[in-house]
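As a plain string of letters, each chain reads:
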Amino acid sequence: METILNIANLNKTYKSAGRTLTVLDDINFAIGAGSTNAIVGPSGSGKTTLLGLCAGLDSATSGIVELSGVNFGGLSEDKRAQVRNQYVGFIFQNFQLLPTLTALENVMVPLELRGEKNIKPRALDLLDKVGLASRGHHYPAQLSGGEQQRVSLARAFSNSPKILFADEPTGNLDAETSEKVVKLIFDLNKDAGTTLVLVTHDLELAAKTQRILRIKGGKLVSDELTAKAV
Ligand code: ADP
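On a predicted model such as this, the values are computed, not experimentally measured, just so you know. (Residues numbered from 1 in each chain as written. Predicted model: local features only at pLDDT ≥ 70, side-chain atom pairs only at ≥ 80, totals over all residues.)

1. Let's talk about the site of the ligand
Surrounding the ligand, one finds Y14, S16, L21, V23, G41, S43, G44, S45, G46, K47, T48 and T49. Listing elements by their share of the shell around the ligand, those giving two or more residues are strand 1 (3-16), strand 2 (19-32) and helix 1 (47-54). Counting residues per element, the shell around the ligand draws most heavily on helix 1, which supplies three residues. Class assignment for the residues of the shell around the ligand results in three nonpolar, eight polar and one charged. (Near = placed C-beta within 6 Å. Helix = DSSP H or I, 4+ residues; strand = E, 2+ residues; numbered from the N terminus. Nonpolar A, V, L, I, M, F, W, Y, C, P; charged D, E, K, R; others polar.)

2. What to know about unusual backbone geometry
The phi dihedral of A17 is positive, around 50°, even though this residue is not glycine. Among the structural elements, A17 can be located in the loop between strand 1 and strand 2. We classify A17 as exposed; it has 5 C-beta atoms within 10 Å. Phi is positive for E168, which is not a glycine, with a value near 50°. Relative to the assigned elements, E168 resides in the loop between strand 7 (163-167) and helix 6 (175-192). Taking the number of C-beta atoms within 10 Å as the measure of exposure, E168 has 20 and is therefore buried. (Buried ≥ 20, exposed ≤ 12 C-beta atoms within 10 Å, placed from the backbone.)

Rendered as structure tokens:
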């Protein structure tokens, strides 16, 4: 299987009050294109930090993060953003929609940033895909948590990402709504071959992926294929 994401000797430290805090300690793994993966581990173990580094949202202290053949090492924030715009979708536990924009406008933002044409019908199409075509004129505060997460999925799908990172995508959702969101995420893998990397506390969700990477105290402590891998 072709590698889409390669992580080698990855370290992340923070300095505060003269102390060095090691958040990620010599992490190594490679993710195959088109695969589905979960990162699990206790709270504070470094999962969100790791996901942010993989997606180029943040830069490593040392080590290699190579996404779709591009090494993030030494790239400026702008260059990392370009790579993200091209290849990456990202969804957050708290949705991170812009509160002053409607659902439709939130989905239009990345299309506009990429200088695409006919962005309104494209954004409407994307909203339709997540079942929210009729809610385009609503502001985030007028939508339920599940609807907001579906808008953020429509936004994440807008560049037809090669890889989708999701940080606790169902963390703030009830069981029924979670199911809808999870289906949309896995359909993207099935229909478009998008690679999935999900950070989750939910072991049932993790078991739906092909591979579970467990992080503890900033170290990768296990890396196992699930029953879905066969
Ligand atoms: P998880 O997602 O597993 O809960 P995080 O990646 O959010 O873990 O955090 C891992 C550790 O890194 C925590 O101890 C957290 O306090 C610390 N941390 C995260 N971001 C920063 C930061 N910007 N400055 C200092 N420490 C941070």
